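Chain residues, written in single-letter form:
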Amino acid sequence: MASTATARVFSLGAAMGRAAAASCAASSSSSSSLKANPFCTLAPQQPSAPLDMKSYLWKRYNEAKKVTKDLVPSIMSNLLNPDAIFSNNEMSLSDVEIYGFDYDYTLVFYSKHLHTLIFNAARDLLVNEHRYPAEIRKYDYDPNFAIRGLHYDVHRALLMKIDAFHYIQLGTVYRGLNVVPDDEVIAMYDGSHVPLEQMSDFYGKSSQGNTMKQFMDIFSLPEMTLLSCVNEYFLKNNIDYEPVHLYKDVKDSIRDVHIKGIMYSAIEADIEKYICYAEQTRAVLAKLAEHGKKMFLITNSPSSFVDRGMRFIVGKDWRDLFDVVIVQADKPNFFNDKRRPFRKVNERGVLLWDKIHELQKGQIYKQGNLYEFLKLTGWRGSKVLYFGDHIYSDLADLTLKHGWRTGAIIPELRTEIKIMNTERYIQTMTWLQTLTGLLEHMQVHKDPDSQLILQEWKKERKEMRELTRNFFNSQFGSLFRTDQNPTYFLRRLSRFADVYMASLSCLLNYDHDYTFYPRRTPLQHELPTWSDQLCTGNNLVPQMLVR
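Remember, it's a predicted structure, so these values are computed and weren't measured experimentally.

Rules of the game
Residues take numbers from 1 onward in each chain, read along the sequence in its written order. At least 70 in pLDDT is required for a residue's local features to be given in this predicted model, at least 80 for side-chain atom pairs to be given and counted, and no such filter applies to totals for whole chains, interfaces and linings, which use all residues. Side-chain metrics rest on all non-hydrogen atoms present in the structure, leaving aside hydrogens and water. UniProt positions are given in the numbering used here, feature names are shortened, and annotations may be inferred rather than shown by experiment. The definitions used throughout rest on a 1 Å grid laid over the protein atoms alone, on which a cavity is an enclosed set of points accommodating a 1.4 Å probe that cannot get out and a pocket is an open set flanked by protein within 12 Å on both sides along at least five of seven lines; lining residues are those having an atom within 4 Å of a point. By the criteria applied, helices consist of DSSP H or I runs no shorter than four residues and strands consist of E runs no shorter than two, each listed in order from the N terminus. Each residue's exposure class comes from its accessible area (1.4 Å probe, protein chains only) as a fraction of the maximum for that residue type: buried when under 20%, exposed when over 50%, partly exposed otherwise. Here a residue-residue contact requires only that any non-hydrogen atoms of the pair lie within 4.5 Å. N or O atoms within 3.5 Å of each other form a polar contact, as long as, within protein, one can give a hydrogen and the other can take it, and as long as residues adjacent in sequence are counted only when both atoms are side-chain atoms. Expected helix span is taken as 1.5 Å per residue step, with the number of steps being one fewer than the number of residues. What we call the bend at a residue is the angle made by axes fitted to the seven residues finishing there and the seven residues starting there. What counts as a salt bridge is simple: a side-chain nitrogen of Lys or Arg found within 4 Å of a carboxyl oxygen of Asp or Glu.

### So, the UniProt feature "binding site: Mg(2+)" (unreviewed entry) in the protein
Those places that UniProt annotates as "binding site: Mg(2+)" (unreviewed entry) correspond, in this numbering, to Asp102 and Asp389. Sequence-wise these annotated residues cover 288 residues; spatially they are packed, their C-alpha atoms never more than 7.7 Å apart. As for the lining of the second largest pocket, the annotated residues named previously contribute Asp102 and Asp389. With respect to the secondary-structure elements, Asp102 resides in the loop between strand E3 (98–101) and strand E4 (109–110).

### Considering the environment of Glu129
Structurally, Glu129 can be placed in the loop between helix H3 (113–128) and strand E5 (151–153). Classification of Glu129 by relative accessible area gives partly exposed; the value is 45%. Along the sequence, Glu129 and Asp249 sit 120 residues apart, while their C-alpha atoms lie 9.7 Å from each other. Non-local contacts of Glu129, meaning those with residues more than four positions away in its chain, are made with Asp256 and Lys260. Polar side-chain contacts of Glu129 include one of 2.9 Å to the side chain of Lys260.

### A closer look at helix H2 (residues 53–76)
With 24 residues, H2 should reach 34 Å at 1.5 Å per residue; the first-to-last C-alpha distance of 35 Å fits that figure. By the largest-angle criterion, Asp70 marks the main kink of H2, which is about 25 degrees, and a proline, Pro73, follows within four residues. Those residues of H2 not exposed but buried are Met53, Tyr56, Leu57, Arg60, Tyr61, Ala64, Thr68, Leu71, Val72 and Ile75.

### Describing the pattern of salt bridges
Taken as a whole and assessed by the stated rule, the structure comprises 21 salt bridges. Across the salt bridge formed by Asp102 and Lys331, the nearest N and O atoms sit 2.9 Å from each other. One end of the pair, Asp102, is in the loop between E3 and E4; the other, Lys331, is in the loop between strand E12 (324–327) and strand E13 (342–345), and 229 residues separate them in sequence. By relative accessible area, Lys331 is classed as buried at 7%. Notably, a salt bridge pairs Arg156 with Asp153, separated by 3.1 Å at the nearest N-O pair. Classification of Arg156 as partly exposed rests on a relative accessible area of 34%.

### Details of the UniProt feature "active site" (unreviewed entry) in the protein
Taken from the UniProt record, the annotation "active site" (unreviewed entry) applies to Asp102 and Asp104. Lining the second largest pocket, from the set of annotated residues above, are Asp102 and Asp104. If sequence neighbours within four positions are ignored, Asp102 has contacts with Leu107, Leu297, Ile298, Thr299, Lys331, Tyr386, Phe387, Gly388, Asp389 and Asp394. Side chain to side chain, Asp102 and Lys331 meet in a polar contact 2.9 Å long. Note that Asp104 resides in the loop between E3 and E4.

Next comes the structure, spelled out in structure tokens:
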């Protein structure tokens, strides 16, 4: 079983190594006077004598393409497991004594109907309470429009994807439901880089001068879509509006769907329609209980809603599994505000006023703060593993300030891995990397014929990048990649999560004392050593690449 997503990197790395070796050998045998090599990381040199560069470049191209095509079957034999747990940091489950959980999209998963419900309810609140035009009701929720982790420029009303280095991925900037031309984006931002002071704050919010909001919550998918739909309506009808007001009104409407109980009531009324995979969560909790692990729940959701859902998933005695249950915690404030005491909630949902001296099993508590939690439980450091779906609100403070182990639940991961395992994706991605290597090393040829061919290759590379984006999402591509760079989302995931997985059910595939070892992924300055060895023409692949 693959234990890290970089397994695909090693597989493609091995393929590139073989393609490189074959190309190097062909290059040295075809012309000893031509020093530039399409894969060698040694500084390429100009040819020592005039050659038919047009024929030479296309020969290298066709040879590389053939080698790449021949390698696809071997790559297909090393597919990723969508139900694996992937490790950013070495972690042994034998050291974990206490397991903590968020509720929504961690212990409980929702069907596709929930986002449609949230979208429709928030849309109606815009019309009924914020006096937006009734015509916006013609817009329906599109589950295929947005992806998690996008940034929204509050002042310009633009939704976009940003990479780990704060660069906008051109072609993924949307005003309303339409893409903004690249030249317009570059003109607005004086390039494609977003300065740090304009980025969202630590928790992804647009505050204290930050003009960007990052949508990290799974619940934010209908919010992004609603923002885009209302923007589209105003633009189509030439209505002058203030983008900041629109952002606030949509945000408030989405919040009210939760606060006013619209979402909670709908789910409780038809729980089988909205809650999925109950048996998998039940199996995970049973396994942990069987091995004597302590468990706790910290969620922002209200008591009656959590109780109804857990009764459906586990049964009426669900609280017997948990040593501590905390509702309406108000994360991430729960992790930072030391002033709020816990309050006990009785069986009727009434808040009691007595002072809390201990957190009792079987009881439900509201609010509180992590510092009081640590004092009352003594659960500190790496013996605690907490799972949540929100990288900022659930995980960031726990790993940075308190040393808890953290596990991110990324439901999109399973779908993306299944796409990555398809033959079409592997063929496209392998050739894209090979073509990029050709461009990198053939760019030294400045004659007109060579430059025309290189421009043709660049055009093909651009088209292939768009194709790979469309494999995942037609507008924004993968949750984890912006072309060759990691997304800003992945950067934060890598920093704040020790492990990540598609769902808690992935734990069922591992022993209770399993150790997760992250693969040693090559750094950029480590790559040349391997590539330079390959440039000798020997068909050798470093063992480290083919694990």
